[in-house]
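Below are the chains, spelled out letter by letter.
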Amino acid sequence: MELPRERWAELALHPVRIRILRALAGARLTTHDLVALLPDIPHATLYRHLATLAKAGLIEVVDQRRIRGAVERVYALPAQGATLDAAALATATPEDHARYFTAFVSSLLSEFSRYLARERIDFAADGAGYQQIVLHLNDTELAQFAADLNRVIGPLLGNEPGDGRVPRLLATILLPTEQPAPPGPHHEGID
């Protein structure tokens, strides 16, 4: 289902819906599974947001099971995911991008706050961390970097939950920074 950019933003960039979409990334989950993964979201709120996402086509019901007379739905992201396509991003205004990025950063802050609220945190053991680095790349090097990163991450995206796997959030932001001013000419002997 192709949604206009404004409608996609209205639907997907809600903090609860971002968490639902993230939980469904690479997984097929029942409502019961989502309740367990997102225990701080009231059940009625979770059900309402699932219905909204499903109606808009941002998630799909991929299976239904009869459990004690009730129907339990299994949700997953559609094959194309729940992201805006390249054309929609290319035509987004700076204001649109500011909204999208604000929602992205807000969801990261929420995830990090939930991590810090755990009874026990150990950055090294948990594989947690954050950093900023600057890479000096020409266009060819940037394209190679992106291809290499996709080659490393791509096969991991198909991993299903289980087998001792812990869901780990990897968020990337790649943007040009301001070019530092070149050093001024050095004149020896001039004070």
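Look a little higher up for the structure.
Residues numbered from 1 in each chain as written. Predicted model: local features only at pLDDT ≥ 70, side-chain atom pairs only at ≥ 80, totals over all residues. Heavy atoms only, no water.

J.: I'd like a description of the overall build of the protein, backed by residues and values.
T.: When its secondary structure is counted, the protein shows eight helices and three strands. Residue burial in the protein is summarised as follows: out of 191 residues, 24% are buried. Considering only residue pairs separated by 6 or more positions, the protein has 56% of its internal contacts joining residues 24 or more positions apart. For the protein, the accessible surface area stands at approximately 14,200 Å², while carbon and sulfur atoms represent 57% of it. (Helix = DSSP H or I, 4+ residues; strand = E, 2+ residues; numbered from the N terminus. Buried < 20%, exposed > 50% of the residue type's maximum accessible area, 1.4 Å probe, protein only. Contact = heavy atoms within 4.5 Å. Areas by Shrake-Rupley, 256 points an atom, 1.4 Å probe, with all protein chains shown as cover.)

J.: Break down the packing of helix α2 (residues 15–24) against helix α4 (residues 43–56) for me, with residues and values.
T.: Between α2 and α4, the shortest axis-to-axis distance is 10 Å and the interhelical angle comes to 75°. With respect to α4, the axis of α2 lies roughly perpendicular. Counted together, Val16, Arg17, Ile20 and Leu21 of α2 and Leu46, His49, Leu50, Thr52 and Leu53 of α4 form the full contact between these two elements. Its residues assigned to classes, the contact of α2 with α4 comprises six nonpolar, two polar and one charged. (Axes fitted to C-alpha atoms, helices over the stretch in contact; angles between N-to-C directions. Parallel < 35°, antiparallel > 145°, perpendicular 65-115°, else oblique. Nonpolar A, V, L, I, M, F, W, Y, C, P; charged D, E, K, R; others polar.)

J.: Hey, could you go over the pattern of salt bridges for me, with residue numbers and the actual values?
T.: Evaluated as defined, the whole model comprises three salt bridges. With a shortest N-O distance of 2.9 Å, Arg19 and Asp40 are connected by a salt bridge. Linking Arg19 in helix α2 with Asp40 in the loop between α3 (31–37) and α4, this pair joins segments that are 21 residues apart in sequence. Overall, Arg19 belongs to the buried group, its relative accessible area being 9%. Put simply, Arg65 and Asp63 hold a salt bridge, and the shortest N to O gap is 3.9 Å. (Salt bridge = Lys/Arg side-chain N within 4 Å of Asp/Glu carboxyl O.)

J.: Give me the lowdown on the packing of α2 against helix α6 (residues 94–116), citing residues and values where you can.
T.: For the pair α2 and α6, interaxial distance at closest approach is 10 Å and the crossing angle is 75°. The angle between α2 and α6 falls in the class roughly perpendicular. Along its contact with α2, which presents Ile18, Arg19 and Arg22, the element α6 presents Ala103, Ser107, Glu111 and Arg114. The residue makeup of the contact of α2 with α6, split by class, is two nonpolar, one polar and four charged.

J.: Would you mind going over the side chain of Arg17 in detail, with residue names and values included?
T.: Relative to the assigned elements, Arg17 resides in helix α2. Among the polar contacts made by the side chain of Arg17, one reaches the side chain of His49 at a distance of 2.9 Å. (Polar contact = N/O pair within 3.5 Å; in protein donor to acceptor, adjacent residues only side chain to side chain.)

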